[in-house]
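# Examination of the molecular architecture
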Amino acid sequence: MTSMNHDVAKTLDVREIDGEPFGDIMAALDDLDDGETLRLVSSFEPAPLYEVVTERGFDYEAEQVAPDEWHVTIRHA
């Protein structure tokens, strides 16, 4: 993945979502304009999401910032 030093336009903390967050994540990606980025905050590495994000034409960069916190920065490829 290439380094992404862009301003994060939107943050989605899926730790605050009751139930399956997939629909919320896809909706946030649909609302993402070219040049905008989305920071996804999760309590675990959302590895199953990476293939879906890539197939939808996005790049991502994941970082574990705490034992129970991951940040995934997503932008249009």
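Everything in this summary refers to the structure shown in the same document.

A few words on the nonpolar core. Formed by 17 residues in total, the largest nonpolar core has its most connected members in Leu12, Ile25, Leu29, Leu38, Leu40, Val53 and Ile74. Among the elements of the structure, α1 (22-30), β2 (37-42), α2 (47-55), β3 (58-66) and β4 (69-76) are those that each provide at least two residues to this core. It is α1 that provides the largest number of residues to this core, a total of four residues. In this structure, Leu12 is in contact with Ile17, Asp24, Ile25, Ala28, Leu38, Arg39, Leu40 and Val41, ignoring residues within four places of it in sequence.

Before going further, it helps to examine the pairing of β3. Working note: regular strand, side chains alternate between the two faces of the sheet. As paired elements, β3 and β4 share eight bridges and run antiparallel to each other. Pairing of Glu63 across the sheet is with His71, part of β4. Between β3 and β4, which pair antiparallel and follow one another directly, the connecting turn spans two residues.

So, how was this worked out
Residues numbered from 1 in each chain as written. Predicted model: local features only at pLDDT ≥ 70, side-chain atom pairs only at ≥ 80, totals over all residues. Heavy atoms only, no water. Core = buried A, V, L, I, M, F, W, Y, C linked by side-chain atoms within 4.5 Å. Buried < 20%, exposed > 50% of the residue type's maximum accessible area, 1.4 Å probe, protein only. Helix = DSSP H or I, 4+ residues; strand = E, 2+ residues; numbered from the N terminus. Contact = heavy atoms within 4.5 Å. Pairing = 2+ DSSP bridges.

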